[in-house]
Amino acid sequence: KIGSRNMINWTHIAMPDETDVRIDLYRGTEFQSSITTAPLDAENFPWLIPDSMEPGHDYRIRITSMWDPSYFDYSDSVFLIRPATAIPGRHWPLYE
């Protein structure tokens, strides 16, 4: 939900712990924004979904190694970002 804080979690293998990762937001296959850079070994980041975010049901997170950008992965499934307040008559299914 827009305005809420959500944890982005990841695990890693075969990369040096002292590297960082870039966390990006995609909508469908289109890059939307870079969320942050974080230490790889942190394995999570508390993301505050900004008020400017467009509601939708086709968002994904991509985690990319700053050590070697060929190491990356997308979230296992798409997720929903709901409006901060309900829109009368609008239904937000998880998947359409």
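In this report, we go over the structure that sits alongside the text.

The rules behind the values
Residues numbered from 1 in each chain as written. Predicted model: local features only at pLDDT ≥ 70, side-chain atom pairs only at ≥ 80, totals over all residues. Heavy atoms only, no water. Helix = DSSP H or I, 4+ residues; strand = E, 2+ residues; numbered from the N terminus. Buried < 20%, exposed > 50% of the residue type's maximum accessible area, 1.4 Å probe, protein only. Areas by Shrake-Rupley, 256 points an atom, 1.4 Å probe, with all protein chains shown as cover. 1 Å grid on protein atoms, 1.4 Å probe; cavity = no way out; pocket = protein on both sides within 12 Å on 5 of 7 lines; lining within 4 Å. Points joined across faces, edges and corners; volume = space filled by probe spheres on them. Nonpolar A, V, L, I, M, F, W, Y, C, P; charged D, E, K, R; others polar. Pairing = 2+ DSSP bridges.

Helix and strand counts for the protein chain stand at zero helices and seven strands. Counting from the amino terminus, the protein chain carries its helices and strands in the arrangement β-β-β-β-β-β-β. Burial status across the protein chain gives 31% buried among its 96 residues. A total of about 6,200 Å² of accessible surface is found on the protein chain, and carbon and sulfur atoms cover 51% of it.

So, on to unusual backbone geometry. At E43, a position not held by glycine, the phi torsion is positive, near 60°. Mapping E43 onto the fold places it in the loop between β3 (30-39) and β4 (44-48).

It is worth spelling out the layout of surface pockets at this point. Left-over empty space is what a probe sized like a water molecule reveals as it rolls over the atoms. Space inside the largest pocket adds up to approximately 600 Å³. Lining the largest pocket are 26 residues, and of these I8, N9, I61, I63 and S75 sit closest to its centre. Elements represented by at least two residues in the lining of the largest pocket include exactly β1 (5-9), β5 (56-65), β6 (72-74) and β7 (79-81). Split by residue class, the lining of the largest pocket holds 16 nonpolar, seven polar and three charged.

Quick look at the pairing of strand β2 (residues 20-27) now. Alignment of β2 against β3, held across eight bridges, turns out to be antiparallel. Bridge assignment links L25 to a residue of β3, and that residue is S33. With antiparallel pairing between neighbouring strands as the criterion, β2 and β3 make up a hairpin whose turn holds two residues, including G28 at a positive phi of roughly 65°. Bridge count between β2 and β5: seven bridges; the pairing is antiparallel. By the bridge assignment, I23 is partnered in β5 with I63.

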